[in-house]
Structures are given as structure tokens and as C-alpha cells.
Amino acid sequence: MTRHFLRDDDLTPAEQAEVLDLAARVKADRFGFRPLEGPRSVAVLFDKPSTRTRLSFTAGIAELGGNPLVMDAGTSQLGRGETIADTARVLERQVSAIVWRTAGQERIEEMAAGTAVPVVNALTDEFHPCQILADLQTVREHRGGLAGATLAYFGDGANNMAHSYLLGCATAGMHVRVGAPASQPPDPAVVKRATEIAADTGGSVTVTDDPAAAADGADVLATDTWVSMGQDGKDTALYEPYAVTEDLLARADGDAIVLHCLPAYRGREIAGSVLDGPRSRVWDEAENRLHAQKALLVWLLERSG
Ligand code: CP
Ligand code: NVA
């Protein structure tokens, strides 16, 4: 059966732990995993801009012995109206997996439904699950484990990062808090699903418009840009109480770390002194995109035959 990774809860708790264990092994033995030797190709498609995702998938596929075939919407027929279904059928004849950054989640679901090779979500409007694997790897490196830890996310509650933290952290048995304006809450269907998962894993889910309550005693503070791709011109004043500042960090656990998926806007969603300070793990987090995604590809290819 072909396995896809379209949202964080496509991996069970045991499977997520397997991928994260593998990510640690891949990081320790960077050139020791060669499942794409041949080379076999992997299509990496972008309908939106990217630095880290483009870099980490391109480098990672090459390090796995494969050939990364990177295409932008502006230089492919997909960007000129060729259907997703036709694209999926053409790609599956020539590549071993498809990685796609696009807008609506329904687009990547259509791609997965139309192809026999694994499809990986490299960010949609709704989810960014590869980023959360890298974040969880980073938290594991700091704490040694995930279950029982508290991650508090601040800012836009309705975006892809908030949704993926909810699902991914609940899957890991963590306590996940979203501190966001009441007018910008996460999708209730995602909160419901995360709450169901947390009930099984021993985690919990909290959504609040009180940033201090979200930060109190947390082990990880995380944030993201207030203006996601495609939202230019958005009014951001309502997010200002949710900025990750030194004062907010002072409320967290004494050993807390700070994550940001990047790109970051210093002085807006995060103070420069926090992003560049001793608690920040954002550069490890960015590096772990490489290792976590290599592990994910190894794992998906093994299970998809
Ligand atoms: N964090 C992240 O996905 O970065 P890019 O948009 O640069 O890929
Ligand atoms: N929420 C951001 C994440 C960027 C990696 C966006 O979608 O633009």
C-alpha cells in the first residue's frame, strides 16, 4: 500500500516515533542511507516560494543517492492549467515520490489519490507536517523525549503551523497550547482531531487568547510569521500581544527552548534578542529539516514497495 504524508496525523504515534528514531540515525550517519541509489528521481514541486524546504529536499534526496527534480509552478505546465490528475499520472511513471508545496490541502489530496507513489506535503495553507517532524527532532535532542512536554505556539492560530503543531504534538503525547487572538482560532475540526489523538497518547490540547497562560511553565515556545504566503496586506496589529519577547520567555520553564520555522521577522512575531539568544534552537531546527525529511522518505519508500 502506498503511504503518503499529507498531514501530521497520517503517522500513528508509533510510526511518528519510528520516523524520529530514524531521523536521529540518519543525522548520525549522514551519507549511510542510499535507498534512492540508481539514481531514482523524486519530483519536488513548488507553487509557493521556499528556501529551507527546497534546499533540504534537494540536498536530502541527493544524499539518499537519488536525483531531485525541482520544478516551480511558473516553469511547469501545472502552473498553466494542466490538471493535477494528469500531472499525477505522468509523474508516477518517472519518479519514486512526489514532494509538493501548494495552496489548498485538497490539491495535495487530489495528487495523492491519483498516483501510485508516495506524496509528501511540503506545506499547504492548512498544514506543514515536515516542519513539525524537524521541530520534534529538535525538541527530542534537547529533552531526550517528547511525551509529557508542553509546547506553546503563539500568533496566527488559523495557519498551517498552528494546525500542524496541534496534530503533530498531540501524536507525540505532548501538551500543546495555542495562544492566538480569539478572532483567529485554529480550525475547530483540527482542534477536535488533535484532542482525540491526545486522549489516546496522554497529551492535551489548549486554545487560549491569553498569551501569558499559554506560556506559563512551557518547555517549548514556538511562533511563526503573522503573514503567511498569500496573505500580503493583512492587518497584524491584533497579533502584537502574542509576540515571543523576553517577558513571555520569562514565564516559560527555566530550561525552555524557542523554535521558529523561519523565515523570521525580528521585532514582530519574535524579539531579535530571543531569536538570536541562548534559548533559541532555530538553526538546529532548520538543519533538522534535512535529517527528518530524509528519514521520512526512507520510511515511506520502505513501506510503499
Ligand atoms: N520553514 C520553511 O518551510 O521555510 P521555507 O519557506 O524557506 O521552505
Ligand atoms: N505560515 C508560513 C510558514 C512558512 C514556512 C507560511 O505559510 O507562509
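Below is a short write-up of the structure. Because the structure is predicted, anything quoted here is derived from the model rather than measured.

Below, the discussion takes up the packing of helix α1 (residues 13–28) against helix α5 (residues 129–143). The description of two packed helices rests on the angle between their axes and on the distance between the axes. α5 packs onto α1 with a crossing angle of 70° between their chain directions and a minimal axis gap of 10 Å. If you check the angle between α1 and α5, you find them roughly perpendicular. Every residue of α5 that contacts α1 at Gln16, Ala17, Val19, Leu20, Asp21, Ala23, Ala24 and Lys27 is listed here: Leu133, Leu136, Gln137, Arg140 and Glu141. Looking at the contact of α1 with α5, its residues break down into seven nonpolar, two polar and four charged.

Attention shifts here to the sheet that holds strand β4 (residues 119–121). The strands making up a sheet are joined through hydrogen bonds of the backbone, oriented either antiparallel or parallel. Sheet architecture is open: four strands sit in the order β2-β1-β3-β4, paired in parallel fashion. The sheet is open, and its two borders are formed by β2 (67–72) and β4, each paired with just one other strand. Taken pair by pair, the neighbouring strands of this sheet meet at an average axis angle of 20°, ignoring direction. Here strand β3 (residues 97–101) pairs with β4 via three bridges, running parallel. Bridged to Trp100 within β4 is Asn121. On top of the sheet, helix α2 (residues 52–63) reaches β1 (41–46), β2, β3 and β4; it is set at about 155° to β2, its chief contact.

Bringing the layout of surface pockets into the picture now. As a volume, the largest pocket reaches approximately 550 Å³. Of all the secondary-structure elements, those providing two or more residues to the lining of the largest pocket are α2 and α6 (160–171). Among the elements that take part in the lining of the largest pocket, α6 stands out by supplying three residues, more than any other. When grouped by side-chain class, the residues that make up the lining of the largest pocket number 10 nonpolar, 12 polar and 10 charged. The volume enclosed by the second largest pocket comes to roughly 240 Å³. The wall of the second largest pocket is formed by 16 residues, among which Leu45, Met71, Thr87, Val90 and Leu91 lie closest to the centre.

As a further point, take the pairing of β1. The buried fraction of β1 amounts to six of the six residues, a majority that puts the element mostly inside the structure. Neither face of β1 is exposed, since Ser41, Ala43 and Leu45 on one face and Val42, Val44 and Phe46 on the opposite face are all buried. Direction of pairing for β1 relative to β2: parallel, over a ladder of six bridges. Looking across to β2, one finds that Val44 is bridged to Val70. What joins β1 to β2 is α2, and the crossover it makes is right-handed. Bridge count between β1 and β3: five bridges; the pairing is parallel.

Negative phi characterises most residues that are not glycine, and trans characterises most peptide bonds. A cis amide bond links Gly38 with the next residue in sequence, Pro39, at an omega value of 0°. Tracing the chain through its elements places Pro39 in the loop between α1 and β1. A cis amide bond, omega 10°, links Leu262 with the succeeding residue Pro263. For Pro263, the location among the structural elements is in the loop between β9 (257–260) and α10 (272–275). With a phi angle near 120°, Leu123 is a residue other than glycine that sits in the positive phi range. For Leu123, the location among the structural elements is in the loop between β4 and α5. A residue is classified by how much of its surface remains accessible, and Leu262, at 10% relative accessible area, is buried.

Reading the values: rules and limits
- Residues numbered from 1 in each chain as written.
- Chains lettered and ligands numbered in written order.
- Predicted model: local features only at pLDDT ≥ 70, side-chain atom pairs only at ≥ 80, totals over all residues.
- Heavy atoms only, no water.
- Axes fitted to C-alpha atoms, helices over the stretch in contact; angles between N-to-C directions.
- Helix = DSSP H or I, 4+ residues; strand = E, 2+ residues; numbered from the N terminus.
- Parallel < 35°, antiparallel > 145°, perpendicular 65-115°, else oblique.
- Contact = heavy atoms within 4.5 Å.
- Nonpolar A, V, L, I, M, F, W, Y, C, P; charged D, E, K, R; others polar.
- Pairing = 2+ DSSP bridges.
- 1 Å grid on protein atoms, 1.4 Å probe; cavity = no way out; pocket = protein on both sides within 12 Å on 5 of 7 lines; lining within 4 Å.
- Points joined across faces, edges and corners; volume = space filled by probe spheres on them.
- Buried < 20%, exposed > 50% of the residue type's maximum accessible area, 1.4 Å probe, protein only.
- Right-handed = clockwise from strand over helix to strand, strands pointing away.

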